[in-house]
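Descriptive analysis of the structure
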Amino acid sequence: MEVRNFKIALFGNVFQAKKSLAVQKLFAVANQLGFDIAIEQGFYTFLREGMQIDIPDCDIITGNDFTADFAICMGGDGTFLDVASRVGYKEIPILGINTGRLGFLANFSPNDIESILTDISNGKYNIERHSVVRMTCDEMPLEGYPFALNEIAILKHDISAMISIHTSIDGEYLTTYQADGLIIGTPTGSTAYSLSVGGPIIVPQLDTISLTPVAPHSLNMRPIVISDKSTIDLCVESRSGNFLVSFDGRSQGYPDHIHLHIIKAPYCVKVITRQVNSFYSTLRTKMMWGADARKN
């Protein structure tokens with residue numbers, strides 16, 4: 001059987017010293033399997049100068065002009081989202097090694113490094129396709145990268161009054177949310193910010209988008225799940241004259257009365273999983289469903 005020489009694009013959180021042993025293990029296993037490695041420049045500097053780690057011969061990733069068979073993300077879900085914004089549109093599969101906390105997206109532990117890289121070498125893995133949402137604006141170009149794997153959140157700019165979010169679906173007026181904000185989430189994002197404000201948990205493979213208000217003025221305002229083929233149109237009013245748009249936590253201020261449109265992006269983010277893993281087992285493990293909190 002022909003052995004394929006995989007190329008890894010390695011990214012990581014530069015604020016977690018505890019990943020030192022995990023990175024060294026990854027280098028050793030990758031070398032054993034004959035994988036080539038390219039390391040993102042900031043992470044390379046952190047490992048070499050901050051962690052004093054002996055790094056094998058590798059390429060350095062300085063921008064987004066690179067290719068790889070798959071990307072490895074070492075960190076938590078926040079780091080995973082950052083990596084997805086850099087490689088997702090290339091549709092390079094991402095393997096998340098969780099050196100953070102909960103880790104829904106970065107769902108492998110450092111103890112899994114040898115087994116999952118060996119499985120990848122042998123073709124024994126799955127790739128999940130996770131939908132992405134995109135925002136456009138009639139009046140101005142949106143700064144940065146206006147795509148999100150988890151959610152696009154419309155939020156008030158300050159701590160005072162709520163905002164009014166006029167919302168239409170496929171050209172039909174839905175409602176005006178009087179709230180601190182509105183989360184437009186993908187199924188992947190249903191276990192993130194949306195969940196914390198009462199949004200539904202949605203299986204990642206479903207073709208849906210959820211709208212979940214943040215601290216709505218009316219208790220009748222409940223989350224709604226719609227088809228991801230829909231177009232969501234928004235227009236915001238506030239006392240301060242501006243509001244925030246957050247793309248997976250990357251926030252930018254915008255003026256009132258501009259017209260925003262949210263649709264499903266033309267690409268997906270590919271996530272590497274084990275063949276035996278399922279979303280339901282992840283829910284049980286990460287959210288401790290069925291665990292007795294009375295037991296020590």
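Reading guide: rules and limits
Residues numbered from 1 in each chain as written. Predicted model: local features only at pLDDT ≥ 70, side-chain atom pairs only at ≥ 80, totals over all residues. Heavy atoms only, no water. Helix = DSSP H or I, 4+ residues; strand = E, 2+ residues; numbered from the N terminus. Rg over C-alpha atoms; globule rule 2.2 N^0.38 Å. Buried < 20%, exposed > 50% of the residue type's maximum accessible area, 1.4 Å probe, protein only. Lys, Arg positive; Asp, Glu negative; His and termini not counted. Charge placed at Lys NZ, Arg CZ, Asp CG, Glu CD. Pairing = 2+ DSSP bridges. Axes fitted to C-alpha atoms, helices over the stretch in contact; angles between N-to-C directions. Phe/Tyr/Trp six-rings, centres within 6.5 Å; stacked < 30°, edge-to-face > 60°. Lys NZ or Arg CZ within 6 Å of the ring centre and 35° of its normal.

Points about the overall build of the chain
Scanning the chain from terminus to terminus reveals six helices and 17 strands. Computed over C-alpha atoms, the radius of gyration of the chain comes to 21 Å, within 12% of the 19 Å expected from 2.2 N^0.38 for 296 residues, which places it in the range of a compact globule. Viewed in the frame of its principal axes, the chain has a C-alpha envelope of about 60 × 45 × 35 Å. Here the chain, with 296 residues, has 50% of them falling under the buried criterion. Across the chain, the centroid of the 24 positively charged side chains sits 7 Å from that of the 31 negatively charged ones.

Section: the sheet that holds strand β16 (residues 250-255)
Two orientations exist for strands paired in a sheet by backbone hydrogen bonds: parallel and antiparallel. Pairing is antiparallel across the open sheet formed by six strands, whose spatial order is β13-β12-β11-β8-β15-β16. Both edges of this open sheet fall to β13 (224-227) and β16, since each of them pairs with a single strand only. Across this sheet, the average inter-strand angle for adjacent strands is 20°, counted without regard to direction. As judged from the five bridges shared by strand β8 (residues 151-156) and strand β11 (residues 181-185), these two strands associate in the antiparallel manner. Looking at β11, one finds that Ile-154 is bridged to Leu-182.

Observations regarding the packing of aromatic side chains
The tally for this structure, following the rule as stated, stands at seven aromatic pairs. Summarising the aromatic geometry, the rings of Phe-147 and Tyr-267 are spaced 5.6 Å apart at their centres and angled 45° between planes, so their arrangement reads as tilted. Note that Phe-147 is positioned in strand β7 (residues 147-148) and Tyr-267 in strand β17 (residues 259-273), a separation of 120 residues in sequence. For Tyr-267, a relative accessible area of 12% translates into the label buried. Taken together, the ring pairs in this structure connect Phe-6, Phe-35 and Phe-70 into an aromatic cluster. It is Lys-90 that lies over the ring of Phe-66; its NZ or CZ is 4.9 Å from the centre.

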